[in-house]
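Tertiary structure, described
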Amino acid sequence: MNLLILRLIVNRVALALVSLLVVSAVVFTITALLPGDAAQAQLGQEATAESLAALREQMGLNVPAHQRYWAWLSGMVSGNPGLSIVTHMPVADMISSRLPNSVKLAAITAAIAVPLALALGIASAMWRGSWFDRLASSGAVAVVSVPEFLVATLAVLIFAVELRWLPALSYSSSVDSIGQMLRAFAMPVLSLCCVTMAQMMRMTRAAVVDQLRAPYIEMVRLKGASPTRMVLAHALPNAIGPIANAVALSMSYLLGGVIIVETIFNYPGIASLMVDGVSQRDMPLVQTCAMLFCAVYLLLVTLADICSIVANPRLRHR
């Protein structure tokens, strides 16, 4: 690793941290501008003005916005985002109880979707123009056109209501065998895989095809290399950067799909916790969950940028 690569990586990390700071201000501002009153929502419409004023003071809602923002940001940095307005429990404890479930769902989805999407994308690029390429590309376009909530709803109607093979609601506890795990995660993982695999496959195919059209591939072809060696040994290493970006973007899109899928299947994860917080106007919980999703997104994009920098042969040999 030379100094140029190191400097570029440091710049990317610094840019990610600045972006996260800007995102924190945006998240705090948007949640503060949401209609309604947290104190009113907690006490009900029959609450007196005195009780509302006392509760607003207890919640710190009478403090100026910039002071509340810095107090909240310092708590986020220190790992103490505050107490839930509704349950009066530490937000960190509420999230830590749900976070392993969301991580488990995302890990299973990534373990299935990423290898399959990469394999299909590379195979489509190797045999571009063939019936396999046309079938895979048409299927990917069809799947991308269908929103994830419709995929999840159709999965419930087919596999839970009509065939009765799988439960309509997903769960993560009381899983003692592989069969129970498959039943619990089958439909959420299927719905999320449909969301992420198609786009990842199309972007992988485009990246490999772009490399196969490069002049150096023509030289490799003239030397008598087989199509498989041409793709795997020459084109694929130079396509690592775009492929890493494709994987990162698809995995970041998985965050939005998780919110819908967890809600439909009543899966006890971070996304469903955030939806409950929005419905109850539990602003500390909503802000923390939103920041967690944004931080994961920026982490994925930054890792993809770093992979692109490190994999760039022009930068490695300067």
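Summary of the structure given here. These numbers come from a predicted model, not from an experiment.

Attention now moves to the overall build of the chain. Scanning the chain from terminus to terminus reveals 14 helices and zero strands. Taken across its 318 residues, the chain has 38% of its residues classed as buried. In the chain, the share of contacts with a sequence separation of at least 24, taken over all contacts with a separation of at least 6, comes to 72%. Accessible area of the chain: about 17,200 Å², with a carbon and sulfur share of 68%.

Here helix α7 (residues 148-162) spans 20 Å end to end across 15 residues, near enough to the 21 Å set by a 1.5 Å rise per residue. Along α7, the positions that sit buried rather than exposed are Glu148, Val151, Ala152, Ala155, Val156 and Ala160. Arginine 164, located one to two residues past α7, shows a positive phi value of around 60°.

What follows deals with the packing of aromatic side chains. This model, assessed by the stated rule, comprises eight aromatic pairs. Their ring planes at 85° and their centres at 6.2 Å tell us that tryptophan 131 and phenylalanine 132 sit as a pair that is edge-to-face. Among the residues examined, tryptophan 131 registers a relative accessible area of 61% and is labelled exposed. Relative to tryptophan 165, the ring of phenylalanine 159 lies with its centre 6.2 Å away and its plane at 40°, an arrangement referred to as tilted. Of the aromatic side chains, those joined through ring pairs into one cluster are Phe28, Tyr69, Trp70 and Trp72.

Empty space within the second largest pocket amounts to approximately 380 Å³. The wall of the second largest pocket is formed by 18 residues, among which Met76, Val77, Met291, Leu292 and Ala295 lie closest to the centre. Contributions of two or more residues to the lining of the second largest pocket are made by α1 (3-32), α4 (65-78), α5 (91-126) and α13 (283-311). Residues of the lining of the second largest pocket, tallied by class, amount to 13 nonpolar, five polar and no charged.

Ile95, Met187, Val208, Ile243, Met251 and Leu285 are the most contacted members of the largest nonpolar core, which has 63 residues in total. Counting residues per element, this core draws most heavily on helix α8 (residues 178-212), at 14 residues. Beyond its immediate chain neighbours, meaning those up to four positions away, leucine 285 contacts Val91, Met94, Ile95, Leu273 and Gly277.

On to the environment of valine 143, then. Looking at the secondary structure, you find valine 143 in helix α6 (residues 131-144). Look past the residues within four positions of valine 143 in its chain and what remains in contact with it is Cys194 and Ala198.

Moving on, we come to the side chain of aspartate 133. Residue placement: aspartate 133 occurs in helix α6. In this structure, aspartate 133 is in contact with Ser124, Trp127, Arg128 and Arg205, ignoring residues within four places of it in sequence.

The next point concerns α4. Helix length check: α4, at 14 residues, gives a terminal C-alpha distance of 20 Å against a target of 20 Å (1.5 Å per residue), a fit within 8%. Restricting attention to buried positions, one finds in α4 the residues Tyr69, Trp72, Leu73 and Gly75. When α4 is viewed along its axis, its buried side chains cluster within an angular range of 160° and face the same direction. Residues of α4 that are exposed and point more than 90 degrees away from the buried face comprise His66, Trp70, Val77 and Ser78. Among the structural elements, α1 and α13 are those in contact with the buried residues of α4. Once α4 finishes, glycine 79 follows within two positions and takes phi at roughly 85°, a positive value.

With that settled, consider a nonpolar patch on the surface. A cluster of nonpolar side chains, namely Phe149, Leu150, Leu154, Leu157, Ile158, Val161, Leu163 and Trp165, defines an oily patch on the protein surface of about 730 Å² accessible area. Inspection of the secondary structure puts isoleucine 158 in helix α7.

Note on pairing: side chains with opposite charge can pair once their charged atoms come close. Summed over the entire model, instances satisfying the criterion amount to two salt bridges. A salt bridge links arginine 221 to glutamate 218, with the nearest nitrogen and oxygen atoms 2.7 Å apart. Note that arginine 221 and glutamate 218 are positioned in helix α9 (residues 215-222) at a spacing of three residues, about one turn of the helix. Looking at arginine 221, the relative accessible area reads 35%, which means it is partly exposed.

Conventions adopted
Residues numbered from 1 in each chain as written. Predicted model: local features only at pLDDT ≥ 70, side-chain atom pairs only at ≥ 80, totals over all residues. Heavy atoms only, no water. Helix = DSSP H or I, 4+ residues; strand = E, 2+ residues; numbered from the N terminus. Buried < 20%, exposed > 50% of the residue type's maximum accessible area, 1.4 Å probe, protein only. Contact = heavy atoms within 4.5 Å. Areas by Shrake-Rupley, 256 points an atom, 1.4 Å probe, with all protein chains shown as cover. Expected span 1.5 Å × (residues − 1). Phe/Tyr/Trp six-rings, centres within 6.5 Å; stacked < 30°, edge-to-face > 60°. 1 Å grid on protein atoms, 1.4 Å probe; cavity = no way out; pocket = protein on both sides within 12 Å on 5 of 7 lines; lining within 4 Å. Points joined across faces, edges and corners; volume = space filled by probe spheres on them. Nonpolar A, V, L, I, M, F, W, Y, C, P; charged D, E, K, R; others polar. Core = buried A, V, L, I, M, F, W, Y, C linked by side-chain atoms within 4.5 Å. Arc of directions from axis to C-beta. Patch = residues over 30% accessible without salt bridge, like charges linked within 9 Å, V, L, I, M, F, W, Y side chains within 5 Å. Salt bridge = Lys/Arg side-chain N within 4 Å of Asp/Glu carboxyl O.

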